[in-house]
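# Residue-level structural notes
The primary structure of each chain is shown beneath.
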Amino acid sequence: MGISEMSESGLRKPPLSAKVILNQRYGGNACYRIEEVPETVEDDCPGLVILNQKRARVLYRCHLQLPEFSLVSENFAKKKDAEQSVAQMALDKLGIKPDSKDHTAEEAYDELVTRISYLFSEKFCLSGHPIVNHIQAAIRREGDNHGMIPVSVVATLDTKIANLSKLLNPKTESDPILVMSLVLAAARSVDSICISSSGLWMGKKGSYSPEVLQSLALDSSNGEDKFVRALFVPASTEMPVETITLELRHGRCYLIEVSRKLSVKDSSYVLFSRPVGRASSERRFYFSSQKCRLLCNSNSLETTFNEGEAVNTRASCFSGQNITGNAILATIGYQWKSMKLIHEDVTLSTYYRMLLGMTPEGCYKLSRGAMLIAKLPSAFTSKSNWRGHFPRELLSMFCRNHRLMEPLFLIKEIPLKDSHQTEEKISEGSTIFVCKVQVLSKRQELLLEFIGKSCKKQVDAVQKAALSTLSWLNAWFEHNQGNSITDSTSLKCPDAERFISEFSSYSAVHARLQDGNIRTDKDEESNLISLQIKGPETVMPPLTLGSLVLISYFVHLVDYEGDDCERHTLESKEKFEFELGVGAVIDHIEYCVSQMCVGQTAQFITSHLPRRELVLAASGQSAELLSSLDLRKYSLQYSLKLHQVSEPNEDRMEGALFSPSLSRQRVDFALDLVNAARAISLVDFGCGSGNLLDALLVSQTTLKRITGVDISLRGLYRAAKLLHTKLSSKEAVTAGNCIRSAALYCGSITDYDSRLHGFDVATCLEVIEHMEEEEAIEFGHVALGQFSPGLLIVSTPNYEYNPLLQGELTGGEGLGEKQMAGPCRFRNHDHKFEWTRAQFRRWAVDLAVKYGYHVDFGGVGGSGDTEPGFASQVAIFRRQSPCLALSLVGVDTDVMPYEVVWKWP
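Cut-offs used in this document
Residues numbered from 1 in each chain as written. Predicted model: local features only at pLDDT ≥ 70, side-chain atom pairs only at ≥ 80, totals over all residues. Heavy atoms only, no water. Helix = DSSP H or I, 4+ residues; strand = E, 2+ residues; numbered from the N terminus. Buried < 20%, exposed > 50% of the residue type's maximum accessible area, 1.4 Å probe, protein only. Contact = heavy atoms within 4.5 Å. Areas by Shrake-Rupley, 256 points an atom, 1.4 Å probe, with all protein chains shown as cover. Patch = residues over 30% accessible without salt bridge, like charges linked within 9 Å, V, L, I, M, F, W, Y side chains within 5 Å. Salt bridge = Lys/Arg side-chain N within 4 Å of Asp/Glu carboxyl O. Lys, Arg positive; Asp, Glu negative; His and termini not counted. Charge placed at Lys NZ, Arg CZ, Asp CG, Glu CD. Axes fitted to C-alpha atoms, helices over the stretch in contact; angles between N-to-C directions. Parallel < 35°, antiparallel > 145°, perpendicular 65-115°, else oblique. Nonpolar A, V, L, I, M, F, W, Y, C, P; charged D, E, K, R; others polar. Pairing = 2+ DSSP bridges. pLDDT = per-residue confidence, 0-100. Core = buried A, V, L, I, M, F, W, Y, C linked by side-chain atoms within 4.5 Å. Right-handed = clockwise from strand over helix to strand, strands pointing away. Left-handed = near helix turned anticlockwise from the far one by under 90°. Phe/Tyr/Trp six-rings, centres within 6.5 Å; stacked < 30°, edge-to-face > 60°. Lys NZ or Arg CZ within 6 Å of the ring centre and 35° of its normal.

### Quick notes on the overall build of the chain
Each helix and strand counted, the chain has 30 helices and 29 strands in total. When each of the 905 residues of the chain is scored for burial, the buried share is 52%. Within the chain, contacts between residues separated by at least 24 positions form 72% of all contacts whose residues are at least 6 apart in sequence. Carbon and sulfur atoms make up 49% of the accessible area of the chain, which totals about 41700 Å².

Laid out in structure tokens, this is it:
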């Protein structure tokens, strides 16, 4: 195929960033220096009377030094933004405009010729490029190919050549041979380059100058031979992957040893894959191909090769390229501006960890460093409770591992009235967020589209949608490969065949692995042989959904059937934290922890092993030994110690059992009473961050004046921002409310302030339990005896409901009868007390009788007609005489201890 016949679809030039353009022009002479700039931020809003506390954050500015001048960027929240900004400033000053036009085939080919010519120039030999190290080794080599390097080195190790090749022929993305054919064809048109008549060698015609030769004469090795472990990956999947040793001799190119292990003629016939894993890594597959021989005398840009070579499925799967024949996976090479040979051992454990990383659950296991006990969680509850890489990062890792485009996360903000899929009740007039996830091929073809459920927070919508996508992909990879894909309301797969073909190489490897697997992970509970728990029984927080559990553990491979108890350590961690109840660990671990107290140790054995690749991925240095054993006679022994249990906050625990959450139900309960009373004024004692006041702004009420009181300035600042935003927007107007004024005060609700006397309604929702019991009793006297509202609504947790709440959250049987029979913990670590229904009634009735109120009782969560009553109990005090508040004796009208924090308007 000639240049003019190439597809125009492959000629679109990718846009270059300002930093890349400067690097192309100046290289190491463009020096960037990042400076941290502390900044003080005031979180105030209009109407604040007490100035908000200032908080500091760190911004970054970048200094750029060029030979001609220096520049300084503005301040940015991210370092990379500061660098790109100052680079763009430099381009503007230099008058350089990025070339945004598309390349024609002729232009791309001319650039390729120019680049190859430059690679063998004397200026390039002083640049510190990794290819320079190969030129150095070539100059030291004696013989016919003195000073010449393999074509594969040029085709693989220079990024610009790879990019230009993709512009000329998109197929080069997956075929290293095609890149070599383009390089050879372009090199033949450069007079200064010599191409060997035997083998795939190329080099500079004539010798380098004494200055360059002196530079290249520097010894890049450490003066001694090295032995590096690598993996031999046969083309036939019937043959196992084996560990080999590469002898890297002092003063000799490492490709010579690789070619010897591959049994090829010389190192010019050794092909490289792209980096496997991180882009900066030198871990690659080395292989050879029968097609190499046909390249020697080819003058075409794309040579038609004979088919029939054995494809190396395993190597192709990891590299995303067409690899044929036997291959070697090794980490050897040079990095920029480094004359030192980089090398690392590659073990069988590395291979199986790479294989594990091809699945969504494997990505999560690797991010936690716990192959044998971690599982991809089934739910994303909160950012604070999630451990390991977040779902969005995991999905991006999965796509990169399979050579796909970065996933797209499309966010849509929907007014509540337009939503039909809300999981929890949200204030009317509010908005929710829905995230659509799209997985695209490298050619930007849509492979999969998943629409997540609605969430109140944008970040939660993204993470939950990503996790749902990961969970579906994980299930397909484990169980449904090759089967048809059925669309649903949330999942769309436009082309099932295209989707399956994208993962065909992994599917072939996985299918082969399943044939050799010990078992599938089914019926795990039946595999539990024994469970022994030792140590003191201590009082501990309840093990509820959302609790964070900290353990240390060891996992051993044991053989109890032999004469000697053979034992291998597979995996261990001194600290491992996970959220209970979301499937973040295997069932055995969660069941075991649910039986333990802090400080206790436990040991249990499973009769069957998990998948073979999991065992070998976790085994580290023992992988070579274990791969040769018959693992069917072994069992896994788990030893763990429970160090800490952090109980979830009250809202998280209640929200897991009730929908809408108890906090939402309490607000709705109060709103109904406010509307029934046709109140004009309301004060919320213990308003916190303003949840109730916010709900009032987006609801239809007769209220004209709302006020909040709290002892926490931090909570009041948040409430001020929330209320100001709502009152300044159209939401409050369209909601139909009549509110004309609002205010927030800082002070203790056990202190009387005459400005809040005689309000129509007062509320105190889930506040008194955060006070000492004596203070809660005092609040009752001050509220009814001095503030004297027409209606007072007080809610507090029902202590008698805690056993049901905590027991159901762990599956009922998880706590065991012994723990359930004893006293239960409070719902929040900050609670000073929690009353039973009898205690709450006694407190309320005594107050009502003393101050001339009638009291009714109700609640939310559960039922008042069945035991143990409501989860949250409510007392409704109604003043019996309308004029009683004005005739009370002893009320001081000039007492104003509260500080005004915010007023509107």
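### Regarding a negative patch on the surface
A grouping of Glu772, Glu773, Glu774 and Glu775 is seen on the molecular surface, where their side chains present a negatively charged patch. Its place among the elements puts Glu774 in helix α26 (residues 773-787). The exposure class of Glu774 is exposed, given its relative accessible area of 60%.

### Details of the packing of helix α6 (residues 159-168) against helix α7 (residues 176-187)
Between α6 and α7, the shortest axis-to-axis distance is 10 Å and the interhelical angle comes to 95°. Taken together, the axes of α6 and α7 lie roughly perpendicular to each other. For the pair α6 and α7, contact is made by Ile161, Ser165 and Leu168 and by Val179, Leu182 and Val183, respectively. By residue class, the composition of the contact of α6 with α7 is five nonpolar, one polar and no charged.

### Observations regarding unusual backbone geometry
Following Glu867, the chain continues into Pro868 via a peptide bond in cis, with omega recorded as 5°. Between Trp904 and Pro905 the backbone carries a cis peptide bond, its omega angle lying at 5°. Mapping Pro905 onto the fold places it in the segment after β29 (899-904). One non-glycine residue, Ser263, adopts positive backbone phi at about 60°. One can find Ser263 in the loop between α9 (254-262) and β9 (271-272). On the accessibility criterion, Ser263 (67% relative accessible area) is exposed. Backbone geometry places Glu766, a non-glycine residue, at a positive phi of 50°. Residue position: Glu766 is located in the loop between β25 (761-765) and α26.

### So, the sheet that holds strand β6 (residues 201-204)
Pairing in this open sheet of three strands is antiparallel, and the strands run β4-β6-β5 from one edge to the other. The open sheet has two free edges, formed respectively by β4 (148-150) and β5 (193-195), since each of these has just one partner strand. The average undirected angle you get between the axes of adjacent strands in this sheet is 30°.

### Looking at the confidence of the model for the chain
In this model, the chain carries an average pLDDT of 81, and 81% of its residues clear a pLDDT of 70 or more. Counted against residues more than four places away or in other chains, residues 519-525, with its pLDDT under 50, gives twelve contacts. In the predicted structure, residues 808-822 sits below a pLDDT of 50 and forms 20 contacts with residues beyond four places in sequence or in another chain.

### Here we look at the nonpolar core
Ranked by internal contacts, the top residues of the largest apolar core, which has 158 residues, are Tyr254, Tyr286, Ile551, Phe578, Ile589 and Leu640. If we skip the residues at most four places from it in the chain, Leu640 touches Ile551, Ser552, Tyr553, Ile589, Cys592, Val593, Met596, Gln600, Thr601, Ala602 and Phe604. Core analysis: the second largest hydrophobic core is formed by 36 residues, Phe685, Ile768, Val782 and Leu847 among them.

### Quick notes on the sheet that holds strand β13 (residues 408-415)
Pairing is antiparallel in the open sheet, where four strands are placed in the order β13-β14-β15-β16. The open sheet has two edge strands with one neighbour each: β13 and β16 (491-492). As defined by bridge partners, β13 adjoins strand β14 (residues 431-440) across eight bridges and the pair is classed as antiparallel. By the bridge assignment for β14, Leu408 is matched with Gln438.

### Quick word on the pairing of strand β23 (residues 705-710)
The side chains of a regular strand alternate between both faces of the sheet. With five of six residues buried, β23 is to be regarded as a mostly interior element. Bridge analysis of strand β22 (residues 681-685) against β23 gives five bridges, and the strand direction is parallel. Within β23, the residue paired with Val683 across the bridge is Thr707. Taken together, β22, helix α23 (residues 691-697) and β23 form a β-α-β motif whose crossover is right-handed.

### A closer look at helix α4 (residues 130-140)
Of all eleven residues that make up α4, ten are buried, and the element is covered over most of its length. Buried residues along α4 sit against α3 (105-119), β4, α5 (151-157), α8 (210-216) and α9.

### Description of the packing of helix α13 (residues 360-368) against helix α14 (residues 391-401)
At a minimum axis separation of 9 Å, α13 and α14 run at an interaxial angle of 115°. Between α13 and α14 the crossing geometry is right-handed. Contacts between α13 and α14 involve Pro360, Cys363, Tyr364 and Ser367 from the first element and Leu394, Met397, Phe398 and Asn401 from the second. For the contact of α13 with α14, a count of residues per class yields six nonpolar, two polar and no charged.

### Description of the packing of aromatic side chains
Given two aromatic rings, one states the distance between the centres and the angle between the planes to describe the pair. For the structure on display, the rule yields 31 aromatic pairs. Taking 5.8 Å as the distance between ring centres and 65° as the angle between the ring planes, the aromatic pair formed by Tyr364 and Trp386 counts as edge-to-face. Of this pair, Tyr364 sits in helix α13 while Trp386 sits in the loop between α13 and α14; the two residues are 22 residues apart in sequence, bridging distant segments of the chain. Note on Phe840 and Phe857: the rings are 6.1 Å apart at their centroids and 75° apart in plane angle, and the pair reads as edge-to-face. A residue pair is termed long-range when its members are at least 10 positions apart, and Phe840 in helix α29 (residues 837-851) and Phe857 in strand β27 (residues 853-862) qualify at 17 residues. Following the ring pairs from residue to residue traces out a cluster consisting of Phe398, Trp472, Trp476, Phe477, Phe499 and Phe503. Its end group placed over the ring of Phe69, Lys93 keeps NZ or CZ at 5.3 Å from the ring centre. Cation over ring: Lys383 sits above Phe390, and NZ or CZ is 5.8 Å from the ring centre.

### Let's talk about a nonpolar patch on the surface
Among the surface-exposed residues, Leu531, Ile533 and Tyr591 lie close enough to one another that they form a single nonpolar patch of about 240 Å² accessible area. Residue Ile533 is classed as partly exposed on the basis of its relative accessible area of 31%.

### Focus on α9
Along α9, the residues classified as buried are Tyr254, Leu255, Glu257, Val258, Ser259 and Leu262. Backbone geometry just after α9 places Ser263 at a positive phi near 60°.

### Considering the pattern of salt bridges
Per the stated rule, a full pass over the model turns up 27 salt bridges. With a closest N to O distance of 3.0 Å, Glu173 and Arg274 form a salt bridge. Of this pair, Glu173 sits in the loop between α6 and α7 while Arg274 sits in the loop between β9 and β10 (283-287); the two residues are 101 residues apart in sequence, bridging distant segments of the chain. Taking relative accessible area as the criterion, Arg274 reaches 15% and is therefore assigned buried.

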